[in-house]
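# Structural characterization, general
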Amino acid sequence: MIRTRRTASSRRQVPGARGRSAALAATALLAAAALTACSGGSGGTGDGKGEKKKPEMAISVNLTGDQVKAGEPVKVTLADGKLAQVKVTDGKGGELAGQISQDGKSWTSERNASPGQDYKVEAQNTESQSATTQFKTTAADKVNKVTINPGKANPVVGIAQPVSIVFDNPVKNKAEVEKQLHVTTSNNTEGSWGWFKDYSGNDRVDWRPKDYWKSGTDVKVEMKLNGIDSGGGYFVKDYNTEFKIGKDRRMTVDLDTKKMSVSEDGQVVKTIPVSAGTPGGQKASWSGKMVLMSKEGTIRMNSETVGLGNAYDKDVDSSMRLTWSGMYVHAAPWNNANFGSANTSSGCVGMSDANAAAFYKEAQVGDLFEVVGEGSKGQADIGNGYGEWNLSWADWQKKSALHG
């Protein structure tokens, strides 16, 4: 009997073997294609058969080192290629806005870096590569702060109220600071900033309209001071305030007739007998245009605090301040006999309890108050209250550090 030898081609096929072989072959082809596609690309190794490897993205920042001073914008520069996006954030998550240059080589922030702050820079180029870096600015040797009027306590004010900013420390870089101060109104009110000394002796800048405010005007003040060097210390925060202009109320005290007229929307609605300051010395009243600064209610008035010796020391009701030096409108029942007939006060404008209480109820911080007639001691200094309305528009504009 002859035995037949089985050849390899006649062996039994194992189920699934053909499918696995095909799959392995396909996987090898995909792997080869993937390797070819990556060769020489971004992040590839490069093997001499394709393009050269792209260099890593490299950026530099103008604020670098261990002692980085604030007070200037952040500038991010790209070593090669073009920038597509830059994000600069501080340690609190705040972001510095900025612009990429036309050639795409750099990005500059719109605002200065703030003192004592950590910053992170994240950049991306047009090739979708990215790079990051960090830096920290040193703390300010001296910090400048501000006091703002009107503040949140007076959301509605009269037609003569200026925006007033008093600085804790001197401001030598007035033009640079003024550039950061912005007033926006609901009716495009024209106005200007003006610099002078406050009654306290500190630097002060006020913004007043060309003419008195119109009732109903909404006002927004933005002070983008963070990172600005005042020349007397850095600002380390921004400030802002908002207010609305209320009723058009104006008061005129006539030293000759000893009466105060109250007008609303151009019409006289009340005339009140008063007794103003005694003519011929330091007890005389200030004259000119003033602004009702605050409604202080019942306060203690002591003549020694305003340089008038021991003339008086008493509690006074319905007190409304007109100057920092102590001129008020208030109730003066001890002087009833002189209302409407003689000016015998120590500089203030006094009236009866009933008239003072009614007037106090209706008065607004920011109302215009003008003293006319003979017997005053002249106009108070511009910083002794809000005296800017005694200047012409042209003279006021000259006090601006930018347009004067």
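The structure presented is a predicted model; accordingly, all values stated were derived computationally and were not measured. (Residues numbered from 1 in each chain as written. Predicted model: local features only at pLDDT ≥ 70, side-chain atom pairs only at ≥ 80, totals over all residues. Heavy atoms only, no water.)

### Remarks on the overall build of the protein chain
Helices and strands together make up the secondary structure of the protein chain, namely 4 helices and 25 strands. Scored against the burial criterion, the 404 residues of the protein chain give a buried share of 40%. Considering only intrachain contacts with a sequence separation of at least 6, the fraction spanning at least 24 residues in the protein chain is 63%. Carbon together with sulfur atoms contributes 47% to the accessible area of the protein chain, which is approximately 22,000 Å² in total. (Helix = DSSP H or I, 4+ residues; strand = E, 2+ residues; numbered from the N terminus. Buried < 20%, exposed > 50% of the residue type's maximum accessible area, 1.4 Å probe, protein only. Contact = heavy atoms within 4.5 Å. Areas by Shrake-Rupley, 256 points an atom, 1.4 Å probe, with all protein chains shown as cover.)

### What to know about the layout of surface pockets
Remark: the empty space left among the atoms is shown by a probe the size of a water molecule rolled over them. Of the volumes computed, that of the largest pocket is approximately 280 Å³. Sorting the residues of the lining of the largest pocket by element identifies strand S4 (95-96) and strand S6 (106-112) as the ones contributing at least two each. Residue classes in the lining of the largest pocket are distributed as 4 nonpolar, 5 polar and 5 charged. (1 Å grid on protein atoms, 1.4 Å probe; cavity = no way out; pocket = protein on both sides within 12 Å on 5 of 7 lines; lining within 4 Å. Points joined across faces, edges and corners; volume = space filled by probe spheres on them. Nonpolar A, V, L, I, M, F, W, Y, C, P; charged D, E, K, R; others polar.)

### Quick notes on the sheet that holds strand S3 (residues 83-90)
Spatially, S4-S3-S7-S8 is the arrangement adopted by the 4 strands of the open sheet, whose pairing is antiparallel. Across the chains shown, the open sheet's two edge strands, defined by having one partner strand only, are S4 and strand S8 (130-136). The sheet contact formed by S3 and strand S7 (residues 118-125) spans 7 bridges and is antiparallel. Each residue of the ladder has a partner; that of Gln85, found in S7, is Gln124. (Pairing = 2+ DSSP bridges.)

### As for the nonpolar core
Of all hydrophobic cores here, the largest spans 30 residues; its most connected members are Val146, Ile165, Phe167, Val177, Met223, Leu225 and Phe243. Breaking this core down by element, the ones donating at least two residues are strand S9 (146-149), strand S11 (163-167), strand S13 (191-197), strand S14 (203-209), strand S15 (218-223) and strand S16 (239-245). When neighbours within four sequence positions are excluded, Leu225 is seen to be in contact with Arg111, Val146, Val177, Gln180, Leu181, Phe235, Lys237, Asp238 and Tyr239. Grouped together as the second largest cluster of nonpolar side chains are 24 residues, Met327, Ala331, Phe359 and Ala363 included. (Core = buried A, V, L, I, M, F, W, Y, C linked by side-chain atoms within 4.5 Å.)

### Thoughts on the pattern of salt bridges
This model, assessed by the stated rule, comprises 13 salt bridges. Linking Asp203 and Lys197 is a salt bridge whose minimum nitrogen-to-oxygen distance equals 2.8 Å. On the basis of relative accessible area, Asp203 is assigned to the buried category, the value being 7%. For Lys197, a relative accessible area of 49% corresponds to the partly exposed category. Note that Lys398 is salt-bridged to Asp395, the shortest N-O span being 3.6 Å. Salt bridges linked by common partners bring Lys247, Arg249, Glu264 and Asp367 together as one network. (Salt bridge = Lys/Arg side-chain N within 4 Å of Asp/Glu carboxyl O.)

### Quick word on empty space enclosed by the protein
Under the criterion given, the structure shown has 1 cavity of 30 Å³ or more. Considering only enclosed or pocket space, the largest cavity measures out at about 70 Å³ in volume. As for the largest cavity, its lining consists of 15 residues, of which Lys289, Met290, Ala380, Asn384 and Gly387 are closest to the centre. In terms of residue class, the lining of the largest cavity is built from 6 nonpolar, 7 polar and 2 charged.

### A word on the sheet that holds strand S23 (residues 328-331)
In spatial order, the strands read S21-S22-S23-S24; together these 4 strands make up an open sheet with mixed pairing. Of all strands in the sheet, those bounded by a partner on one side alone are strand S21 (294-302) and strand S24 (349-351). Neighbour-to-neighbour, the strand axes of this sheet turn through a mean angle of 35°, independent of strand direction. One ladder, built from 3 bridges, connects S23 with S24; its direction is parallel. (Axes fitted to C-alpha atoms, helices over the stretch in contact; angles between N-to-C directions.)

So yeah, pure geometry; function would need other evidence.
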